[in-house]
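Commentary on secondary and tertiary structure
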Amino acid sequence: MPIASNDRQYSSDDDPRRTGAAGAGSAAAAQATGSAEQAADGAARVAERVQAVPGSGIRRFFDIIASMDHVISLGVGEPDFVTPWPISEAGIRAIEQGHTHYTSNLGLLELREAIARDLERRYGVEWDPREEMLITTGVSEGLDLAARAIINPGDEVIVADPSYAAHAPAVLLAGGVPVPITTRASQGFALNPKEVEAAITPRTRALLIAYPSNPTGAVLERATLEALADVARRHDLLVISDEIYDRLVYGGFEHTPIAALPGMKERTITLGGFSKSHAMTGWRVAWAAAPTDLMAGMLKIHQYAMMSAPTVAQYAALEAVRAGEEYVISMREEYDRRRQLMWRGFNKLGLSCAEPRGAFYAFPSVAQTGYDDETFAEQLLLREQVAVVPGSAFGTAGAGHVRACYATSYDEIEEALERIGRFLHYAPLAK
Ligand SMILES: Cc1ncc(COP(=O)(O)O)c(C=O)c1O
């Protein structure tokens, strides 16, 4: 099946220039990364909880990229494919038919019903499309709604470190305190349930998980997921589960939503979407599923802050659920080919890389090169025009790694590996 690629510029929703680095921080940390003038303004005019979100430590790096030509970007976190044509056509048809008004706050009932049926078929979890499902403006909005709906000031939310750059900020912006739990390459970057349990305090409100993982490509084994669910049940925690990459798992692995486990649906907000699975990042449409009381809280915020998700995008998403499966499968097959090339390629070059089993990222270690991750990324960019993202942009435990996205063409990945190989010849290899 023909799947088209896009010419891309260096920008993405998960571009840390926009979202800020993950991890708890302080106003001082935010100010340290901006200019003195910005900091002064920030102190005077920007709300304290916004100041408390750390700025990106790698702004300088992205400024360099913006000024360069011929960069092979393994930096962005979005599909290089354009939206499959029948899905786009459904959007066009919606415009032609005058579907240019608001929908219900919850989103088109037809779309909620279609998603609920699809989730029941794939995962055996039944959500009531009338009361437990909401169409959101991307999982980005879903994250914000989930955090704001459940967090009281000072509540702690456990997050993996490293994790998607917007997770900890969503907690901070909702008035909560992200509690990062280190994950390690040696354990496939999976959250360790025992370490999660040890971090629980009387203030712990929720656990925020996101598997398959951005930036590590990790997935959770069933036994680990069950152990995490057990911790959540015993300590009466809520769970926010960002499952935007659920369709992108490889090598026979099967994704299980944590809400599918016994006693978990009633304490879990599940977030899913179309951005990655159907190459629809620009449409800004996704869904949230949650028990009715939590959904009522989320809906209250959504109806005042957003009103409804983009209507045309909702019609396109409806087509994606009804007829998008063959595209999901063919894009996944292509990502898998690229995944094998990239992951094996890094290991051949001596950059040790755990097998990424989901999403579209590899997260190799660069520690053995003698560079820290930021210097590695910067030098690689300057000398060989290959862009990767320093792992520390995703939390302190990401240090010593870089994130490379394989949602770019096979040829470009081959070329990038060649350039990285050349670069390693003159890197100050580990002393
Ligand atoms: C883990 C994760 N969650 C959420 C998002 C944002 O998704 P959306 O485009 O649906 O807002 C991203 C985008 O990179 C992501 O990696």
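Description of the overall build of the chain
Counting secondary structure elements, the chain contains 16 helices and 12 strands. Taken across its 431 residues, the chain has 51% of its residues classed as buried. Once local pairs closer than 6 in sequence are excluded, the contacts in the chain between residues at least 24 apart make up 77%.

Remarks on the sheet that holds strand β5 (residues 204–209)
Overall, mixed pairing links the seven strands, which are arranged β2-β8-β7-β6-β5-β3-β4 in an open sheet. This sheet does not close on itself; its edge strands, each paired only once, are β2 (133–136) and β4 (177–182). Each adjacent strand pair in this sheet contributes to an overall mean axis angle of 20°, direction not counted. Along the sheet, helix α8 (residues 138–150) contacts β2, β5, β6 (238–242), β7 (268–273) and β8 (286–289); its crossing angle with β7, the most-contacted strand, is approximately 165°. The strands touched by helix α12 (residues 292–305) are β2, β7 and β8; relative to β2, the strand with the most contacts, the crossing angle is about 30°.

With respect to the packing of helix α6 (residues 85–96) against helix α13 (residues 311–323)
Each pair of packed helices can be described by the angle between their axes along with the distance between the axes. At a minimum axis separation of 8 Å, α6 and α13 run at an interaxial angle of 140°. Viewed along their axes, α6 and α13 adopt a mutual orientation that is oblique. When the axes of α6 and α13 are compared, the crossing they make is right-handed. Between α6, through P86, I87, S88, A90, G91, A94 and I95, and α13, the contact on the second element is made entirely by T311, V312, A313, Y315, A316, L318, E319, A320 and A323. The class makeup of the residues in the contact of α6 with α13 is 12 nonpolar, three polar and one charged.

Observations concerning the sheet that holds strand β9 (residues 361–362)
As a general point, the strands of a sheet are linked pairwise by backbone hydrogen bonds and lie either parallel or antiparallel. Read across the sheet, three strands follow the order β9-β12-β11 without closing on themselves; strand pairing throughout is antiparallel. Here the strands that pair on one side only, and so sit at the sheet edges, are β9 and β11 (389–390). Sheet topology places β9 next to strand β12 (residues 402–405); two bridges connect them, and they run antiparallel. Directly across from Y361, in β12, lies its bridge partner C405.

Procedures and definitions
- Residues numbered from 1 in each chain as written.
- Predicted model: local features only at pLDDT ≥ 70, side-chain atom pairs only at ≥ 80, totals over all residues.
- Helix = DSSP H or I, 4+ residues; strand = E, 2+ residues; numbered from the N terminus.
- Buried ≥ 20, exposed ≤ 12 C-beta atoms within 10 Å, placed from the backbone.
- Contact = placed C-beta atoms within 7 Å.
- Pairing = 2+ DSSP bridges.
- Axes fitted to C-alpha atoms, helices over the stretch in contact; angles between N-to-C directions.
- Parallel < 35°, antiparallel > 145°, perpendicular 65-115°, else oblique.
- Left-handed = near helix turned anticlockwise from the far one by under 90°.
- Nonpolar A, V, L, I, M, F, W, Y, C, P; charged D, E, K, R; others polar.

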